[in-house]
Amino acid sequence: MINGERTIQRPLRWGMVGGGRTGQVGYKHRTGALRDGTYQLVAGAFDLKAGRGRDFGTSLGVAGDRCYATYQELIAGEAAREDGVDVVSVATPNFTHYEITKALLEAGIHVICEKPLFFTVKECEEIAALAEEKGLIVGVTYGFTGHPMVHQMAAMVAKGMLGEIRIVDMQYTHGFNAGDDEGAGEAVKWRTNPETAGPTFVLGDIGTHLYYLSEVVLPELKIEKLLCDRKAFIPTRAPLEDHATVLMHYNNGARGRLWVSSVNAGNMGSQRYRFVGAKASVEWSDSRPDQLIYEVQGEPGQVLHHGMPYLEGESLAADRMGALHTEGLGDSWSNIYLWIAQAIDARMHGNAAFLKTHHYPGIKAGTEGVRWLENCVRSADAGAAWVEFE
Ligand code: NAD
């Protein structure tokens, strides 16, 4: 159980690029980071609008002279201080991730970056090599994989409780982009433009969460080939998609399907997973994140509840609230931030043995997400053809 006790040698001096007053995801980062005293927010280039960023930063308690106008100024200003930042989170639109991450790593600063990590696998591999050379961590905020019940599913699969996995069925949809983009806000505009979003819209924006969570639960399953069909129901979004279906064949013969959509009109957000084995299935949804449906063939179904002693140790170790109270998205983000902090702490103190077995979403997870997107786009652009996974 996580109770806020310090598990690293000292709090990390933390900065943010992006995540300003109008940013959608910034508060999730601060909720995740500032919970356990593991991070102290000491600097930021929070906003493209420098004045608004400074005003916002100081309202969060950051000293005025450490609220910078740009990420370049942040790097220079922090390098000049003895107590400069250890780690910076990048919560900006996709097209800026690569250049900001690269500049931070070159300056010797650990990075926590948003997904989709970068535009290409080549960029991911270059940054992975740079991080390795500098001895730095790159964490990726796949914010849903901190839920204790995700780790319950992973432990049950690892113990063979489901039997050989046969079917992977996933959905992440909402209806918030069902109308056209006239008058849309900045966050929609950059997401629907390939220059700022990258090669995908919903596949990268929400599909990468599905893909990473399935990697956490089913680490042994590798995709051998896939078929992706994508469409822009709002034509101005083409060549990017607001809706996609992906079929996947795995190395053990399992079959997978998923759909992602931001034009599922009326849907307030459904993120849903069903993993089916030869003996039993588990089903989890982020709308009831502290419960898990476990169905064994021929027996009555069960609803497993977070924090209960009958759960696997991996799930209980990620629990914060205890069974009587609900766990939610903020708890999941706090776990992700904690696990990344533990990785940074281990890297700072040369604890290679810890890093070998420690679970956190890092550069490999970010890279695999981008690789999955590249394969999806290759298939879709070939007319929804089956392609070998490369
Ligand atoms: P947004 O447009 O709402 O906010 C972007 C923020 O970054 C704004 O505050 C803007 O002023 C600032 N900004 C932009 N460029 C900057 C720069 N060069 N320097 C400093 N600040 C800059 O975007 P968003 O929806 O918050 O998305 C940001 C990132 O987070 C995207 O990569 C997105 O895919 C990701 N995201 C992840 C999750 C998740 O669950 N992990 C959820 C939402 C968004």
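Residues numbered from 1 in each chain as written. Predicted model: local features only at pLDDT ≥ 70, side-chain atom pairs only at ≥ 80, totals over all residues. Heavy atoms only, no water.

(A) Summary view of unusual backbone geometry. Here the bond from Lys 115 into Pro 116 is cis, since omega is -15°, no more than 30 degrees from zero. Tracing the backbone shows Pro 116 in the loop between β4 (110–113) and α5 (121–134). Here Ala 238 and Pro 239 are connected by a cis peptide whose omega angle stands at 10°. Among the structural elements, Pro 239 can be located in the loop between β7 (223–231) and β8 (243–250). (Helix = DSSP H or I, 4+ residues; strand = E, 2+ residues; numbered from the N terminus.)

(B) The arrangement of helix α11 (residues 329–348) in detail. The first and last C-alpha atoms of α11 sit 29 Å apart over 20 residues, in line with the 28 Å expected at 1.5 Å per residue. Taken across its 20 residues, α11 has 16 buried, putting it largely inside the fold. (Expected span 1.5 Å × (residues − 1). Buried < 20%, exposed > 50% of the residue type's maximum accessible area, 1.4 Å probe, protein only.)

(C) A look at the packing of aromatic side chains. Evaluated as defined, the whole model comprises ten aromatic pairs. Between the aromatic rings of Tyr 142 and Tyr 212, the centroid separation amounts to 4.4 Å while the plane-to-plane angle is 20°, which identifies the pairing as stacked. Within this pair, whereas Tyr 142 is found in the loop between β5 (138–140) and α6 (148–158), its partner Tyr 212 is found in helix α9 (residues 202–217), the two being separated by 70 residues in sequence. Between Tyr 273 and Trp 284 the ring centres are 5.8 Å apart and the planes differ by 40°, which places this aromatic pair in the tilted class. Of this pair, Tyr 273 sits in strand β10 (residues 270–277) while Trp 284 sits in strand β11 (residues 280–285), placing them eleven residues apart in sequence. When sorted by exposure, Tyr 273 lands in the same class as Trp 284, which is buried. An aromatic cluster is defined as three or more aromatic residues linked by ring pairs; in this entry it consists of Trp 14, Tyr 39 and Tyr 337. (Phe/Tyr/Trp six-rings, centres within 6.5 Å; stacked < 30°, edge-to-face > 60°.)

(D) Structural view of the sheet that holds β10. Ordered in space as β13-β12-β11-β10-β6-β9-β8-β7-β14, the nine strands form an open sheet in which the pairing is mixed. For this open sheet the edge positions go to β13 (302–305) and β14 (386–388), each flanked by a neighbour on one side alone. Sheet twist, expressed as the average angle between the axes of neighbouring strands with direction ignored, equals 15°. As judged from the eight bridges shared by strand β6 (residues 165–173) and β10, these two strands associate in the antiparallel manner. By the bridge assignment for β10, Thr 173 is matched with Ser 270. (Pairing = 2+ DSSP bridges. Axes fitted to C-alpha atoms, helices over the stretch in contact; angles between N-to-C directions.)

(E) Quick peek at the domain arrangement of the protein. For the protein, the assigned domains read domain 1 (12–144 + 338–361) and domain 2 (148–321 + 368–388). The straight-line distance from the C-alpha centre of domain 1 to that of domain 2 is 26 Å. Counting from both sides, the interface comprises 24 residues of domain 1 and, opposite them, 30 residues of domain 2. In total, about 2,000 Å² of surface goes out of reach between domain 1 and domain 2, with carbon and sulfur atoms giving 62% of it. For domain 1, the biggest contributors to the area lost against domain 2 are Phe 119, Tyr 142 and Phe 144; these three give 34% of the whole. (Domains from an automatic or database assignment. Contact = heavy atoms within 4.5 Å. Buried area = accessible area lost by both parts, 1.4 Å probe.)

(F) Seen up close, the site of the ligand. Around the ligand, the structure places 27 residues, and the nearest of them are Asn 94, Glu 114, Lys 115, Trp 190 and Arg 191. Separating an oxygen atom of the ligand from a backbone N or O atom of Gln 24 is a distance of 2.9 Å. If the ligand stood free it would expose 850 Å²; the protein chains cover 90% of that surface. Counting residues per element, the ones that place at least two in the shell around the ligand are β1 (12–18), α7 (186–191) and α9. No other element matches α7, which puts three residues into the shell around the ligand. For the shell around the ligand, the class distribution of residues is eleven nonpolar, eleven polar and five charged. (Near = heavy atom within 4 Å. Polar contact = N/O pair within 3.5 Å; in protein donor to acceptor, adjacent residues only side chain to side chain. Areas by Shrake-Rupley, 256 points an atom, 1.4 Å probe, with all protein chains shown as cover. Nonpolar A, V, L, I, M, F, W, Y, C, P; charged D, E, K, R; others polar.)

(G) Examining the pairing of β4 more closely. Residues His 110 and Ile 112 of β4 are buried on one face, and the alternating residues Val 111 and Cys 113, pointing to the opposite face, are buried as well. Relative to β4, strand β3 (residues 87–91) is paired through four bridges, and the arrangement is parallel. Bridging across to β4, Val 90 finds its partner in Cys 113. Of the crossover connections in this fold, the one passing from β3 over helix α4 (residues 97–106) to the parallel β4 is right-handed. In the classification by handedness, the crossover that spans β4, the intervening α5 and the parallel β5 is right-handed. (Right-handed = clockwise from strand over helix to strand, strands pointing away.)

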